[in-house]
Amino acid sequence: MEEYHKPDQQTVQALRNIATRLRINSIKATTAAGSGHPTSCCSVAEIMSVLFFHTMKYRPEDPRNPNNDRFILSKGHAAPVLYAVWAETGYLKENELFNLRKVDSILEGHPVPKQQFVDVATGSLGQGLGAACGMAYTGKYFDKASYRVFCLLGDGELSEGSVWEAMAFASYYQLDNLVAVLDINRLGQMGGLPLCPFNNYIWHAVIVDGHSVEELCKVLNQPRHQPLAIIAKTIKGKGIPAAEDKMGWHGKSLPKDMAESVIKELQSRIISCNKRLYPAPPSEDASPVSLRNIRMPSAPSYKPGDKIATRKAYGMALAKLGRYNEHVVALDGDTKNSTFSELFKNEHPNRYVECYIAEQNMVSVAIGCAVRDRNVVFASTFATFFARAYDQLRMAAISESNINLCGSHCGVSIGEDGPSQMGLEDLAIFRAIPTATVFYPSDGVSTEKAVELAANTKGLCFIRTSRPENNIIYNCNEDFHVGQAKVVYKTNDDHVTVIGAGVTLHEALGAAEQLKKERINIRVIDPFTIKPLDSKTIIDNARSTRGRIITVEDHYYEGGLGEAVCSAVVNETGFTVHRLAVSQVPRSGKPQELLRLFGIDRDAIAQAVRKVLSSSANAK
């Protein structure tokens, strides 16, 4: 290693004392809780001491200051040691640690952002490094600031493919402001663990004794031009004689009498020194960012008679939004010419991030880019490929993340590519996420409005787009709101309410024209957002058609539009819902052939209307 400014002996001893106190407080907290992972905390005590009191630059009284260095505890089960760190800084009171895992405490079993010193939720292993990549990319390429990002990983999670994806991403984009510290303590829940070699990528990897504050100080002080991986050899349960490097202690708190004995012995190791360590303040070079009121500069410019696929309208809308606000950024998973995010890339190349075929990491990077409200983040791929990243999406909700995702190529209407490319489960996936808003625009105007609304909507937003070109339905001055449906076709004597979205809305309008020739009138509703669903508009209009509703969707029956409508009207008397959806795994074919084959085209809708009216007549 190159020469560096070696810390004096008083500093070294102060860091050792802090590490010992972190062990003590981790044991106290988990014993008080009666659960937790004290041995996982004890293996990283020196690492946390050196990071927070010698290496990182931050303002402890203001944990989310945009200039601060960032820290992610990817091995989230070691949360008590993180809480102990913040008690050591004075941000938390030490007695608050005894509230660990209590229902009325913010100190949950794993880190969550209700704690101001936590940026992203962790605990589902293997995701922290991807979020750290998003933060580091933002720092280096968007903020162009000096803050660094530190991520502490456990050795067990290194088997996760998402870690490998993040390693490749950091290497490719030369994130030299990123430091990954690997806690190699050998023992997981069930035994010894394999090691994932960071040297396979262009990282600067260094092996150190993870319990030596001198070695840690030295490696963390080195200048570098690559992402740094510190492979820290540690002992699980360090400082707990009965548990050191022993099987069977993972996820177990110490009994009270044992904890008292261990704490007494640890306290005897604290050697008095006159030095009190404080974090160094950060450089003030991250510019203020305001993400309020992200608006389009003008109304959509489509004309009646225009035809456009909503996937292309998404790309056009995103590029347009990017012209108006420099904090709009776009990510894609090597599908930019299909999702049309390439239109954004062509106009704003410095704000486009290619994540390649690594959807799990793309979602994690998006979460990291959105941290501390530094960017308005949009990420796109085929709708079906978000299924691969479902755990990341689930954790995005727990992280209170504001990210916007666009899934193109939904349903059988994509045609010849076949079922592996068809998003037929995506509505169910996103409807199940508590913080999600699900947009399903049906023309170019509503797509542009969905992009604008998503940019201003808290939580996770999903925009579902289609491959076929369809007519413009709406006037460019049409007003759209989250949770507000549109009645797009009606008469004074409608017999059935038909609800469609995307391509099936256009099929429903085609069915309305067919049925009109038979003197059968239907009312057609575009829900615009599937979640939240505009129950009032649906119920009020369905009452006008004697409670007769037909839903039609390019999605499987389970979890889609039909189930959302059924939930909305379940308490209404005299209502019936007839659902049309894709009933089995589809196949290749031309779009219109597949819509017909699976009974969701205009002819199938017309036939369903006739059947509903016939059943009503027979019931009388």
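Everything numeric here is computed off the predicted structure, so don't read it as measured data. (Residues numbered from 1 in each chain as written. Predicted model: local features only at pLDDT ≥ 70, side-chain atom pairs only at ≥ 80, totals over all residues. Heavy atoms only, no water.)

## Here we look at the UniProt feature "domain: Transketolase-like pyrimidine-binding" (unreviewed entry) in the protein
Counted only if it meets this: UniProt positions are given in the numbering used here, feature names are shortened, and annotations may be inferred rather than shown by experiment. Helix and strand definitions follow DSSP, with helices as H or I runs of at least four residues and strands as E runs of at least two, each counted in order from the N terminus.
Within the UniProt annotation, "domain: Transketolase-like pyrimidine-binding" (unreviewed entry) is assigned to residues 308-472. Secondary structure content for residues 308-472 is 39% helix and 21% strand, and the end C-alpha separation is 7 Å.

## Some remarks on the pairing of strand S7 (residues 328-332)
Counted only if it meets this: Each residue is assigned to one of three classes by its accessible area relative to the maximum for its type, calculated with a 1.4 Å probe on protein chains only: buried under 20%, partly exposed between the two thresholds, exposed over 50%. Here the rule is simple: two strands pair whenever DSSP picks up at least two bridges between them.
With five of five residues buried, S7 is to be regarded as a mostly interior element. Residues Val 328, Ala 330 and Asp 332 of S7 are buried on one face, and the alternating residues Val 329 and Leu 331, pointing to the opposite face, are buried as well. One ladder, built from five bridges, connects S7 with strand S9 (residues 376-382); its direction is parallel. Looking at the pairing, Val 329 lines up with Val 377 of S9. Where S7 and strand S8 (residues 352-354) come together, three bridges link them in parallel fashion. Paired with Ala 330 across the two strands is Tyr 352, which belongs to S8.

## What about the domain arrangement of the protein?
Stated precisely, the cut-off is as follows: Per the annotation, domain bounds derive from an automatic or database assignment of domains. Contact definition: two residues touch when any of their heavy atoms are within 4.5 Å. Note: buried area is the sum, over both parts, of the accessible area (probe 1.4 Å) each one loses when the two are combined. By salt bridge we mean one thing: a side-chain nitrogen of Lys or Arg within 4 Å of a carboxyl oxygen of Asp or Glu. Think of a polar contact as two N or O atoms within 3.5 Å of one another; within protein, one of them needs to be a possible hydrogen donor and the other a possible acceptor, and neighboring residues in sequence only count if both atoms come from side chains.
When its domains are assigned, the protein resolves into domain 1 (9-269), domain 2 (306-472) and domain 3 (486-618). Listed as interface residues are 36 residues of domain 2 and, on the opposing side, 33 residues of domain 3. Among the residues domain 2 hides against domain 3, the three largest losses belong to Val 412, Arg 431 and Tyr 440. Together they make up 28% of the total. Run the count over domain 2 and domain 3 and you get one salt bridge. The shortest N-O distance in the salt bridge between Lys 590 and Glu 416 comes to 3.7 Å. Taken together, the connections running from domain 2 to domain 3 amount to 19 residue pairs in polar contact (both at pLDDT 80 or more). At the level of elements, helix H14 (426-431), strand S11 (436-439), helix H15 (444-455) and strand S13 (469-471) are the ones that each hand at least two residues to the side of domain 2 that touches domain 3.

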